[in-house]
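# Structural overview for review
Chain residues, written in single-letter form:
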Amino acid sequence: MTTSGQQAARTWSDPEFAKSWIAGDNQGDLLDMPRRVSAALVAQDRPGTRLVVDVASGPGAFLEVYLDEFPEAHGVWSDASPTMMAEAEQRLARFGDRVEFVIADMTDTGWLPAGVDVITTSRASHHLDRDSLHGYYREAATHLAPGGWLVNLDHIGPGEPWNERLRSARKRFVPPRSGRSSHRHDYPLCSLDDHLSGFAAAGVPDVEVAWRAFVTVLLTGRKPG
């Protein structure tokens, strides 16, 4: 695990913090659309999707959308936080044995099965520096089936003055967080170019920003094949 991965894992493994973050999450409604957009894009290209892995899944909202979209699919939830797993087990209980749970940090991808149709992650990679981000994309892509999809819904660092402009405007539309849910970021958030170059270096050059709101983007990339 990289240093950035270790620091993030320690934060999210704190049960009190994880519960506070879930209770104070202020972007659930905003992010429902991009989750569904990503599933719709995959569905029209890969309607027979059978295996979805959600990395750094948290409470499981992203994986839930995909399991609804693909009724025959098996989903793998993974996260470093046992507290998040307990939340996800409740949220995803209706899917029964279609869901498997794995405790793992997002920078430890060796356990991923081969031939995955879709690998998703959400609001986690912004804890990584550029090298670690590129490493995640590279390792995740090796586990995708030919024609598989790599999806990331996360915050980026657009640079000033646009970072401050966008974050200030967002306050009019997204309520402030409540509780002890703020957390440190040890690195400047990677730019959109950092993400796009990471996809390309991982062998997934067919990538697009399918949705954006303020400093949050949905990156969807299809592996050749």
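Residues numbered from 1 in each chain as written. Predicted model: local features only at pLDDT ≥ 70, side-chain atom pairs only at ≥ 80, totals over all residues. Heavy atoms only, no water.

## As for the overall build of the chain
Scanning the chain for helices and strands turns up eight helices and seven strands. Within the chain, the fraction of its 225 residues that count as buried is 54%. The contacts in the chain between residues at least 6 apart in sequence include a share of 76% that link residues at least 24 apart. (Helix = DSSP H or I, 4+ residues; strand = E, 2+ residues; numbered from the N terminus. Buried < 20%, exposed > 50% of the residue type's maximum accessible area, 1.4 Å probe, protein only. Contact = heavy atoms within 4.5 Å.)

## Details of the packing of helix α6 (residues 130–142) against helix α8 (residues 192–201)
Two elements in contact, α6 and α8, have axes whose closest approach is 8 Å; the angle formed by their N-to-C orientations is 35°. The interaxial crossing formed by α6 with α8 has right-handed handedness. Residues Arg-130, Leu-133, His-134 and Tyr-137 of α6 touch α8, and the partners they reach there are Asp-194, His-195, Ser-197, Gly-198 and Phe-199. Residue classes in the contact of α6 with α8 are distributed as three nonpolar, four polar and two charged. (Axes fitted to C-alpha atoms, helices over the stretch in contact; angles between N-to-C directions. Left-handed = near helix turned anticlockwise from the far one by under 90°. Nonpolar A, V, L, I, M, F, W, Y, C, P; charged D, E, K, R; others polar.)

## What about unusual backbone geometry?
In this structure, Pro-161 follows Glu-160 across a cis peptide bond, with omega equal to 5°. Within the secondary structure layout, Pro-161 lies in the loop between β5 (144–155) and α7 (162–170). Of note in this structure, Ala-56 is not a glycine but carries a positive phi near 55°. For Ala-56, the position within the fold is in the loop between β1 (51–55) and α4 (61–69). Judged by relative accessible area, which is 18%, Ala-56 ranks as buried. The backbone of Arg-123 shows a phi angle near 50°, a positive value even though the residue is not glycine. As for its placement among the helices and strands, Arg-123 is situated in the loop between β4 (116–122) and α6. Owing to a relative accessible area of 12%, Arg-123 belongs among the buried residues under this scheme.

## A few points about the pattern of salt bridges
Per the stated rule, a full pass over the model turns up seven salt bridges. For Arg-94, the salt bridge identified is with Glu-64, shortest N-O distance 3.2 Å. Pair noted here: Arg-94 is in the loop between α5 (82–91) and β3 (99–103) and Glu-64 is in helix α4, with a separation of 30 residues, a long-range link. Owing to a relative accessible area of 53%, Arg-94 belongs among the exposed residues under this scheme. On the basis of relative accessible area, Glu-64 is assigned to the buried category, the value being 14%. Each of the salt bridges in this network shares a partner with another, and the network as a whole consists of Glu-64, Asp-68, Arg-91 and Arg-94. (Salt bridge = Lys/Arg side-chain N within 4 Å of Asp/Glu carboxyl O.)

## Side note on the sheet that holds strand β2 (residues 74–79)
Adjacent strands of a sheet form backbone hydrogen bonds with each other and so pair up, either parallel or antiparallel. Taken in spatial order, the seven strands of this open sheet run β3-β2-β1-β4-β5-β7-β6, and their pairing is mixed. The two strands at the open ends of the sheet, each matched to only one other strand, are β3 and β6 (206–213). The average undirected angle you get between the axes of adjacent strands in this sheet is 15°. Pairing analysis gives seven bridges linking β6 to strand β7 (residues 216–222), with the strands arranged antiparallel. Residue pairing across strands places Val-207 opposite Gly-221, the latter belonging to β7. (Pairing = 2+ DSSP bridges.)

## A few points about the pairing of β5
Counting buried residues along β5, eleven of its twelve residues qualify, which places the element largely inside the surrounding structure. You can see the chain leave β4, run along α6 and come back into β5, and the turn it takes is right-handed. (Right-handed = clockwise from strand over helix to strand, strands pointing away.)

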